[in-house]
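# Topology and contacts: notes
Chain by chain, the residues run as shown.
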Amino acid sequence: MTNSNHSQDDNDRYFMMLAIEQAKRGLYTTRPNPAVGCVIVQAEEVVGQGFHPKAGQPHAEVFALKDAGTRAVGATAYVTLEPCSHTGRTPPCALGLIEAGVKRVVIAGLDPNPQVAGRGVGLLKQAGITVSVGILTTQAEALNKGFLKAMRTQMPYVRLKIATSLDGRTAMASGESKWITGAAAREDVQKLRAQSSAIITGSETVIIDNPQLNVRSNQLGVNAAQIPTPKVVILDRRGRLEYDLQSNYQLCQHPETLYWRTESLIDLLKNLVKEHQCYDVLVEAGASVAGSFLQQQLVDELIVYQAPCLLGPQARPMVDINPLSLAQQLRFDIQCHEQLGSDLKLTLLPL
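Let us look at the structure shown here. Residue numbers here run from 1 along each chain, matching the order of that chain's written sequence. Side-chain atom pairs in this predicted model are given and counted only at pLDDT of 80 or more, local residue features only at pLDDT of at least 70, and totals for whole chains, interfaces and linings cover all residues. Side-chain figures throughout are based on the complete set of non-hydrogen atoms in the structure, without hydrogens or water.

Note: two strands are recorded as paired if DSSP finds a minimum of 2 bridges between them. A run of H or I in DSSP becomes a helix once it reaches four residues, and a run of E becomes a strand once it reaches two; helices and strands are each numbered from the N terminus. Taken together, 8 strands build an open sheet; the order of strands is S10-S9-S8-S11-S6-S12-S15-S14 and the sheet is mixed. The open sheet has two edge strands with one neighbour each: strand S10 (258-260) and strand S14 (332-340). The sheet shows a mean angle of 20° between the axes of neighbouring strands, direction not considered. Alignment of strand S9 (residues 231-235) against S10, held across 3 bridges, turns out to be parallel. When the bridges of S10 are listed, valine 233 appears paired with leucine 258. Structural elements are reduced to axes, namely lines fitted to C-alpha atoms, with helices fitted over the stretch in contact, and the angle between N-to-C directions of any two is expressed from 0 to 180 degrees.

Before going further, it helps to spend a moment on the sheet that holds strand S2 (residues 45-51). Ordered in space as S2-S1-S3-S4-S5, the 5 strands form an open sheet in which the pairing is mixed. Strand pairing shows two members of the sheet lacking a second neighbour, S2 and strand S5 (130-133), which therefore form its edges. Looking at each pair of strands side by side, their axes are set apart by 15° on average, direction ignored. For this analysis, residues touch if any pair of their heavy atoms sits within 4.5 Å. This element, helix H2 (residues 60-68), spans strand S1 (37-42), S2 and strand S3 (76-79) of the sheet and lies at about 145° to S2.

This paragraph deals with the pairing of strand S11 (residues 280-283). By the alternation rule, side chains of S11 split into Asp280 and Leu282 and Val281 and Val283, which are all buried. Here strand S6 (residues 157-164) runs beside S11; their pairing, made up of 4 bridges, is parallel. Across the sheet, residue tyrosine 157 finds its bridge partner in S11, namely aspartate 280. Examined bridge by bridge, strand S8 (residues 198-202) and S11 share 3 bridges and lie parallel to one another. Each residue of the ladder has a partner; that of alanine 198, found in S11, is valine 281. For the exposure calls, accessible area comes from a 1.4 Å probe over protein chains only, and a residue counts as buried if that area is under 20% of its type's maximum, exposed if over 50%, partly exposed in between.

In structure tokens form, the structure reads like this:
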């Protein structure tokens with residue numbers, strides 16, 4: 001490989017990283033659409049940039065091209081996801097790039113949405129535009145795990161969040177649990193909720209804790225009012241709860257709360273994708289629900305907030321599973337770990 005090729009690869013990675021930073025600006029607000037960023041470069045100078053802020057509003061390419069103006073002619077566009085080729089609530093972005101006169105388009109990864117799925121690249125190439133695909137794909141796809149998984153499998157990306165003591169306990173035997181972890185860990189949970197289309201909990205958790213399960217943080221870099229409210233799903237097989245304006249339980253006062261009363265968690269997850277366009281799902285529930293998701297291998301990511309305390313053997317366990325031998329244990333790979341205040345956050349992927 002020549003030095004010029006090395007230089008081009010370095011430039012592509014640098015400008016794609018800038019596009020990824022743009023995409024992050026829409027991380028909490030674009031649902032059910034993916035978070036996408038775009039940077040327009042002319043003679044190694046950024047002349048335009050933009051991101052997709054919200055479903056129904058223009059896509060990242062439109063904002064970047066408007067920012068670039070006539071300097072888009074002959075330029076290179078860096079986009080974190082394949083430009084769309086269909087007309088929805090907004091015109092096709094692939095055509096916008098063609099009409100703007102860009103010479104080259106660099107794409108982090110293809111869009112598995114059946115309405116796009118390579119068609120955007122095809123339109124660009126037919127127009128004589130040079131297309132490069134596969135620059136910082138892993139970093140770009142990390143922003144849209146739910147959308148990408150749902151488009152590929154019709155199942156959402158499921159995160160299971162648990163707050164626990166050092167000895168793996170989540171509450172006292174009485175149910176008392178506020179608060180095991182500190183303020184920094186609880187603030188971090190707000191980020192998980194803000195990027196979730198749906199939050200699943202159990203009826204027992206509602207009855208014991210009476211949670212709100214809402215996004216109320218003012219430290220997310222965006223006004224909480226702009227973040228789409230996650231759909232709350234209560235697993236209520238025994239029919240103990242229902243919508244009631246006068247209910248003592250906060251979640252039961254909202255008519256949009258979904259009560260799931262069948263046993264199949266797989267059917268629930270498929271329903272959330274197909275009927276509600278919920279692609280990122282957060283599970284915040286007790287040991288029984290957590291154990292069911294884990295044992296049925298429905299968890300894509302386990303997030304554990306571990307407080308430096310001991311609650312003892314009579315306290316409630318973090319998950320209700322019962323492997324009979326080490327061969328049946330559930331094992332995980334530690335993706336990352338960080339300290340939040342006095343607590344430890346572990347992000348784990350099932351093996």
